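# Chain and residue survey
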Amino acid sequence: MSQNGEQKSLIMIFGATGDLANRKLFPSLYRLFRKGLLSDRFAVIGVARRPLTNEQFQENVKKSVVEAGENAGGIAEFASHFYYHSHDVTDSASYAALKGMAKELDNHYGLGGNRIFYLAMAPEFFGPIALHLKSDGLTDVQGFKRLVIEKPFGHDLESAIELNEQIRTAFSEDEVYRIDHYLGKQMVQNIEVIRFANALFEPLWNNRYISNIQVTSSETLGVEERGRYYETSGALRDMVQNHMLQMVALLAMEPPIKLTTDEIRSEKIRVFRSLRTIEGEEVSNYFVRGQYGAGTLDGKEVPSYRDEPNVDKNSNTETYVAGKLMIDNQRWAGVPFYIRTGKRLGAKSTKIIVQFKDVPMNLYYQPNKPLNPNLLVIHIQPEEGITLHLNAKKAGQGMDATEVKLSFANNAINEMNTPEAYELLLYDCMRGDATNFAHWDEVALSWSFVDKISDAWESTKDESFPNYEPGSRGPAAADELLSKDGFFWWRVRDLKVERC
Ligand SMILES: NC(=O)C1=CN([C@@H]2O[C@H](COP(=O)(O)OP(=O)(O)OC[C@H]3O[C@@H](n4cnc5c(N)ncnc54)[C@H](OP(=O)(O)O)[C@@H]3O)[C@@H](O)[C@H]2O)C=CC1
Ligand SMILES: O=C1O[C@H](COP(=O)(O)O)[C@@H](O)[C@H](O)[C@H]1O
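Residues numbered from 1 in each chain as written. Chains lettered and ligands numbered in written order. Predicted model: local features only at pLDDT ≥ 70, side-chain atom pairs only at ≥ 80, totals over all residues. Heavy atoms only, no water.

## Considering the sheet that holds strand β8 (residues 287-290)
- Across the sheet, eight strands lie side by side as β8-β11-β12-β7-β13-β14-β15-β16; this open sheet has mixed pairing. With partners counted over all chains shown, the strands left at the sheet margins are β8 and β16 (401-409), one partner each. Across the sheet, the mean angle separating the axes of adjacent strands is 15° when strand polarity is ignored.
- Pairing geometry for β8 and strand β11 (residues 320-326), over four bridges, is antiparallel. Within β11, the position partnered with Phe287 by the bridge is Gly323.
- Docked against the sheet, helix α7 (residues 186-196) engages β13 (349-356), β14 (375-381), β15 (385-393) and β16, running at close to 150° with respect to β14. (Pairing = 2+ DSSP bridges. Helix = DSSP H or I, 4+ residues; strand = E, 2+ residues; numbered from the N terminus. Axes fitted to C-alpha atoms, helices over the stretch in contact; angles between N-to-C directions. Contact = heavy atoms within 4.5 Å.)

## Some words on the UniProt feature "active site" (unreviewed entry) in the protein
- UniProt's entry tags His243 with the feature "active site" (unreviewed entry), counted in the numbering of this structure.
- Apart from the residues lying within four places of it in its own chain, the contact partners of His243 are Lys151, Asp180, His181, Tyr182 and Asp238. (UniProt positions renumbered as here; feature names shortened; annotations may be inferred.)

## Let's talk about the layout of surface pockets
- Approximately 560 Å³ is the volume found for the second largest pocket.
- As for the second largest pocket, its lining consists of 29 residues, and the residues nearest its centre are Val359, Asn372, Pro373, Asn374 and Asn391.
- Looking at the lining of the second largest pocket, the elements with two or more residues in it are β13 and β15.
- For the lining of the second largest pocket, the class distribution of residues is 18 nonpolar, six polar and five charged. (1 Å grid on protein atoms, 1.4 Å probe; cavity = no way out; pocket = protein on both sides within 12 Å on 5 of 7 lines; lining within 4 Å. Points joined across faces, edges and corners; volume = space filled by probe spheres on them. Nonpolar A, V, L, I, M, F, W, Y, C, P; charged D, E, K, R; others polar.)

## Describing the UniProt feature "binding site: substrate" (unreviewed entry) in the protein
- As recorded in UniProt, the feature "binding site: substrate" (unreviewed entry) lies at His181, Lys185, Glu219, Asp238, Lys343 and Lys348.
- The residue Asp238 is located in helix α9 (residues 234-252) in this model.
- Apart from residues lying up to four places away in sequence, Asp238 is in contact with Lys151, Arg226, Tyr229, Tyr230, Ser233, His243 and Lys343.
- Mapped onto the secondary structure, Lys343 falls in the loop between β12 (336-342) and β13.
- We classify Lys343 as buried; its relative accessible area is 6%.
- Residues contacting Lys343, with those up to four places away along its chain left out, are Glu219, Leu221, Gly222, Val223, Arg226, Tyr230, Asp238, Tyr292, Thr319 and Tyr468. (Buried < 20%, exposed > 50% of the residue type's maximum accessible area, 1.4 Å probe, protein only.)

## Here we look at empty space enclosed by the protein
- Under the definition given, this model contains three cavities of 30 Å³ or more.
- Its volume calculated, the largest cavity comes out at about 150 Å³.
- As for the largest cavity, its lining consists of 16 residues, of which Ile179, Gln241, Asn242, Ala438 and Val443 are closest to the centre.
- Sorting the residues of the lining of the largest cavity by element identifies α9 and α14 (440-458) as the ones contributing at least two each.
- Computed from the structure, the second largest cavity encloses a volume of approximately 50 Å³.
- Around the second largest cavity sit Leu183, Val188, Gln189, Glu192, Leu250, Ile264, Lys268, Thr435 and Asn436, which together line it.
- Those elements giving two or more residues to the lining of the second largest cavity turn out to be α7 and α10 (261-274).

As C-alpha cells, then:
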C-alpha cells in the first residue's frame, strides 16, 4: 500500500461474466478508483468460460459501471486495467496460461506479486479452484496472496469443513476473506461504535436494562430466478446462518480489549459459543417457518414460491424464518434476541430494535395509557441512521408524558452517499483487514447451531405451507412467538415505530 492509501494488486475474478461481478464488483472497484484508492498499479483478470476479447470484456465493465448509475469520468482509463481469460475452471490444462498472464501483468504494472483471487462463482467450484491455484503455482508469489470467497460457505457443517480443508491446503486462515456482505453495511459496522463509544449505552447494554432485542431483515422480492439454489438453501441457510447471526454477534459481544481483527473476532466467537442449542422437539418453541403463497404485491400479481422456476410444486423449503435466540451468559441470561427474515414481505427493510425495560415505578401512568418503553432503533437499510425513543412532557398544562424521538440519518450527517458494502469490503481486503469478514470458527459454530434446526425441519413436512401472503408480515405464528413471552414485534416504517 502506498502512503496515501492507494493499493496495488492483481485481482483475479473467477465468474467475471456473472451477475455479482457485473452488478457489484466492477462498480465497487470503479468507485475505489474514482476516490483515488486504487493506484494505477492494479490489474484485473476476469475469468469465465465464454469467449471474449479483452476489448469486449472492457466494454462489459464500462456498461456495468454506467448501469450502476455511476458518474463515468475516467471510465476508459479504469477499464483499460481489465483483461479477460476464457477458461473452464474444471479444466486443469488452462491454469498454466492463466499463470503466464498473471505474471506478465504483474511485471507490466509493477504489482509486487500481490494477488487477490475472488471466487464469484457457484460454491461447488470453490474447492477445486483453490486446489488448482496452489498446484499450478498461481499462489507462488513474492507479495501477499488472498482468497475472497462468496457465500454460501458450505451447505451445512460437514460440507463447510470439507470446503475449508480444501481451501486451507492453499491459503492460511488469515489469507481467507469469507464475504458476508452485511458486515460491509455502514450501519452494521456502526453497531460497535454506537455500543462502545457512548457512555449512555454501554452501562445499560445487559439483562438488567434491556428486555428484548429484535432484528428484522425483510424483502419484497421473491426467489425468482434463484429457485435452483434456494431449494437447497431456504431462508435459514440463506440469511440466518450468516447475516442474521452476524448481526446478533455484534449486538451481543463483550467489548473487545482492542479494535483488532483477532480481538473482535474472538469476542464474536464467544457469543456463538454461548448460543443456546435448540434441537429436536424444542425447535418449534423457538423457531417459526413460513413459505409465501400467490397474491398481489405493489399492485402486481406474483406467483407462489412453489410456482417459481426450478421449485418443486410440493416444496417444503422455507422462505421466512422467525426465531428466538438465547445467549446463555452473564450479560444476556433471560433476554430474548428475536430475529425474522423473509421474502415477498410488505417492505424491503433491515432494522434492529433494542427495547429497554420499563422504569420500576411509573409516576406518569394513566389508565389505558401506559408509558412507551425506551427504544433504540438502528436503521440499516434503506434508511441509515439511529433513533432513540424517549418519554417527555407533553407541551401545555399538566404532566402528561408523550413519546419523543431523537434521530440521526447517516447520509445527512456525512453529506455523502454512503459507500456500497462491496466497495468497503474490497478495500478492506486490499489493505489486509479481515475484521469485517467471517472467521472459520464463526462459520463452523453458526452452521452447528443452524444444522439442528434444519434437521428438525427436514424431518417434518410443514402442512401449513404456503402460510403467508405476499406483502404481509409473514405467518401469524411469528407473532405468537413473541406474544407468549409478553412481547410483540415493533414495526418501523419511514423511521416511525409502531406496534405490529
Ligand atoms: N448475485 C448476487 O447478488 C450474489 C451472489 N452471491 C454468490 O456469488 C457467486 C456468484 O453468483 P452470481 O454472479 O449470481 O452467479 P452467475 O450464475 O450470474 O455467474 C456465474 C459465473 O461463473 C462462470 N462459470 C460458470 N461455470 C464456470 C466454469 N466451469 N468455469 C469458469 N467459469 C464458470 C459464469 O460464466 P460462463 O458461463 O461464461 O462460464 C459466470 O461468470 C455465488 O456463489 C452466489 O451464491 C452472493 C451474494 C449475492
Ligand atoms: O445474501 C443474501 O442477501 C440478500 C439480501 O441482501 P440485502 O443486502 O439486499 O439485504 C438476499 O436477497 C439473498 O437471498 C441472500 O443470498
